[in-house]
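Commentary on secondary and tertiary structure
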Amino acid sequence: MSSSYRIALNFEDGVTRFIACGAQEKVLDAAFRQRINLPMDCSDGVCGTCKCRAESGDYDLGDDFIEDALTAEEAGQRLVLTCQMVPRSDCVIAVPVPSTACKTGTAKFGGTVAGVERFSDAAYELALDVPEDAPAFLPGQYVNIGVPGSGQHRSYSFSSATGARRMTFLIKHVPGGLMSSWLTEAQPGSKLEMTGPLGSFYLRPVARPLLFLAGGTGLAPFLSMLETLAVQGCAQPIHMLYGVTRDQDLVLVERLEDYARRVPGFTFGTCVADAATTHPQRGYVTDHLPPQALHEGNVDVYLCGPPPMVDAVQRHFKAASIAPASFHYEKFTPTQAAAPAAA
């Protein structure tokens, strides 16, 4: 039995903070010990103020609480009282208030440029070395990266595995863009400041087949998810469709081929929208969705791409009466400084 478990607290405003919780410690006590004031009034299982949802992990609730605080039906839906919850594994907990209400916020940390690889005029892969105390993140989340000398930041999804001391990001090349201009001149050893992790788009516990839909550099969070699944193992089939606008936008395909070897049950396809493409699959991801990948609705869908793509997939699902078991998506625009929109 572990002496300590890692608990991810996902707040309503998209902020994620990780805490260590002892094997016999209640989550509320562990959070307070680490200066995160989760909602509470009584701490005795009576008021229900500390009610949250355990999105993953194993735990005990005991029986030292009253039904007015937590009903049997709520407990069956994985609602928990953090004042009574004792973890039995690493857990992810959704906290239904903003992080600021719990006297916490996003973590700030630095990174050192280890390298920048440019893929034609399509994208960059930025690699940053970070200190051992850099915050962990959930695969699929993003971070705000400050652009040196500008006073501004841009938001990018992690493409590396959580816990790695070298973080990577797949960044769209935007002609004249703030970050693109800096990356063109960036040198190894340059320092960057980051804030995060953030976002409600992340890999949930895998209980059924997965369908990943990536548009352009929206591939990034899926690389993080696939690395996690490669390490943890996955018994469910996973299919990915990776769509881009132009032939040269189709990057890191060799990495997907590597995951197809490393992750049992993982398959992928690619498509290019440009009418002049020589790619064998022309069009959009909605043109190339294999029916078997939908598993008659018994599938969890993850979608990350530009807003037109996300909207098109939603319209396609509605028109085809496709209702997946769960549907998680994130929209992004390449020049934004604000958080991506997720649902």
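The structure this text deals with has already been given above.
Report follows, based on the coordinates.

1. Overview of the overall build of the protein chain
What the protein chain contains, in helices and strands, is 6 helices and 19 strands. Taking 2.2 N^0.38 as the reference for a compact globule, 343 residues should give roughly 20 Å; the C-alpha atoms of the protein chain span a radius of gyration of 21 Å, in line with that estimate. Counting only C-alpha atoms and orienting by the principal axes, one finds that the protein chain spans roughly 65 × 50 × 35 Å. Across the protein chain, contacts joining residues at least 24 apart in sequence account for 68% of those joining residues at least 6 apart. Approximately 15100 Å² of the protein chain is accessible, and the part contributed by carbon and sulfur atoms is 50%. Each charge class in the protein chain can be summarised by its mean position, and for the 27 positive and 36 negative side chains these summaries are 4 Å apart.

2. What about the sheet that holds strand β7 (residues 91-95)?
Ordered by their spatial adjacency, 5 strands build an open sheet running β2-β1-β7-β3-β5, and the pairing between neighbours is mixed. If you trace the sheet from one side to the other, it starts and ends with β2 (16-22) and β5 (79-81), each paired once. Geometrically, the sheet is characterised by an average inter-axis angle of 35° between neighbouring strands, direction not taken into account.

3. As for the packing of aromatic side chains
The final tally for this structure, using the stated rule, is 9 aromatic pairs. Centre to centre, the rings of Phe212 and Tyr302 are 5.8 Å apart; their planes meet at 85°, and the pair counts as edge-to-face. Residue Phe212 is found in strand β14 (residues 210-215), and its partner Tyr302 is found in strand β17 (residues 300-305); the two are separated by 90 residues along the sequence. Lying across the ring of Tyr202, Arg204 places its NZ or CZ 3.8 Å from the centre.

4. Remarks on the sheet that holds strand β13 (residues 191-198)
An order of β11-β10-β13-β8-β9-β12 is seen for the 6 strands of this open sheet, with the pairing classed as antiparallel. Only two strands of the sheet have a single neighbouring strand rather than two, namely β11 (152-157) and β12 (166-172). Direction aside, the axes of adjacent strands within the sheet are offset by 40° on average.

5. Comments concerning the packing of helix α4 (residues 220-232) against helix α5 (residues 253-262)
Orientation of α4 relative to α5, taken along the N-to-C sense of each, is 25°, at an axis distance of 10 Å. In this view, α4 runs roughly parallel relative to α5, as classed from their interaxial angle. Judged by the twist between their axes, the crossing of α4 over α5 is left-handed. Along the contact surface, α4 presents Leu223, Leu226, Glu227 and Ala230, while α5 presents Arg255, Leu256, Tyr259 and Arg262. In terms of residue class, the contact of α4 with α5 is made up of 5 nonpolar, no polar and 3 charged.

6. Concerning the pattern of salt bridges
According to the stated counting rule, one finds 12 salt bridges in the structure shown. For Arg88, the salt bridge goes to Asp60, with nearest N and O atoms at 2.9 Å. Of this pair, Arg88 sits in the loop between β6 (86-87) and β7 while Asp60 sits in strand β4 (residues 59-60); the two residues are 28 residues apart in sequence, bridging distant segments of the chain. For Asp60, a relative accessible area of 37% corresponds to the partly exposed category. In this structure, the salt-bridge partner of Asp249 is Arg246, at a minimum N-O distance of 2.8 Å.

7. Quick word on α5
Those residues of α5 that fall on the buried side of the exposure criterion are Val253, Leu256 and Tyr259. Buried residues of α5, seen end-on, are gathered within an arc of 110° and therefore sit on one face of the element. Tucked into the core, α5 has its buried residues touching α4, β15 (238-244) and β16 (266-272).

8. Details of the nonpolar core
One finds Phe212, Leu219, Phe222, Met240 and Tyr242 to be the most contacted residues of the largest nonpolar core, which totals 33 residues. Elements represented by at least two residues in this core include exactly β14, α4, β15, α5, β16 and β17. For Tyr242, the contacting residues outside a window of four places in its chain are Ala214, Gly216, Leu219, Asp249, Leu250, Val251, Val253, Leu256, Gly269, Thr270 and Cys271. Core analysis: the next-biggest nonpolar cluster, separate from the first, contains 32 residues, Tyr5, Ala23, Val27 and Leu79 among them.

9. Some words on the pairing of β2
Here 7 bridges tie strand β1 (residues 4-11) to β2, and the two strands are oriented antiparallel to one another. Note that in β2 the partner of Ala8 across the bridge is Phe18.

10. Here's the deal with the side chain of His288
Mapped onto the secondary structure, His288 falls in the loop between β16 and β17. Owing to a relative accessible area of 19%, His288 belongs among the buried residues under this scheme. A polar side-chain atom of His288 sits 2.9 Å from the main-chain carbonyl oxygen of Arg282. Among all residues touching His288, those that are not within four sequence positions of it are Leu241, Cys271, Gln281, Arg282 and Gly283.

11. A look at the environment of Thr270
Inspection of the secondary structure puts Thr270 in strand β16. Considered as a pair, Thr270 and Ala54 are 216 residues apart in the sequence and their alpha carbons are 35 Å apart. Residues in contact with Thr270, not counting those within four places in the same chain, are Tyr242, Leu250, His279 and Gln281. A polar side-chain atom of Thr270 sits 2.8 Å from a polar atom in the side chain of His279.

12. Section: the environment of Asp41
Along the chain, the position of Asp41 falls in the loop between α1 (27-33) and β3 (51-56). Those residues within four positions of Asp41 in sequence are excluded, and the remaining contacts are Cys47 and Thr49. Here the side chain of Asp41 touches Thr49 through a polar contact of 2.9 Å, side chain to side chain.

Scoring rules and cut-offs
- Residues numbered from 1 in each chain as written.
- Predicted model: local features only at pLDDT ≥ 70, side-chain atom pairs only at ≥ 80, totals over all residues.
- Heavy atoms only, no water.
- Helix = DSSP H or I, 4+ residues; strand = E, 2+ residues; numbered from the N terminus.
- Rg over C-alpha atoms; globule rule 2.2 N^0.38 Å.
- Contact = heavy atoms within 4.5 Å.
- Areas by Shrake-Rupley, 256 points an atom, 1.4 Å probe, with all protein chains shown as cover.
- Lys, Arg positive; Asp, Glu negative; His and termini not counted.
- Charge placed at Lys NZ, Arg CZ, Asp CG, Glu CD.
- Pairing = 2+ DSSP bridges.
- Axes fitted to C-alpha atoms, helices over the stretch in contact; angles between N-to-C directions.
- Phe/Tyr/Trp six-rings, centres within 6.5 Å; stacked < 30°, edge-to-face > 60°.
- Lys NZ or Arg CZ within 6 Å of the ring centre and 35° of its normal.
- Parallel < 35°, antiparallel > 145°, perpendicular 65-115°, else oblique.
- Left-handed = near helix turned anticlockwise from the far one by under 90°.
- Nonpolar A, V, L, I, M, F, W, Y, C, P; charged D, E, K, R; others polar.
- Salt bridge = Lys/Arg side-chain N within 4 Å of Asp/Glu carboxyl O.
- Buried < 20%, exposed > 50% of the residue type's maximum accessible area, 1.4 Å probe, protein only.
- Arc of directions from axis to C-beta.
- Core = buried A, V, L, I, M, F, W, Y, C linked by side-chain atoms within 4.5 Å.
- Polar contact = N/O pair within 3.5 Å; in protein donor to acceptor, adjacent residues only side chain to side chain.

Spatial relationships are all this shows, so hold off on functional conclusions.
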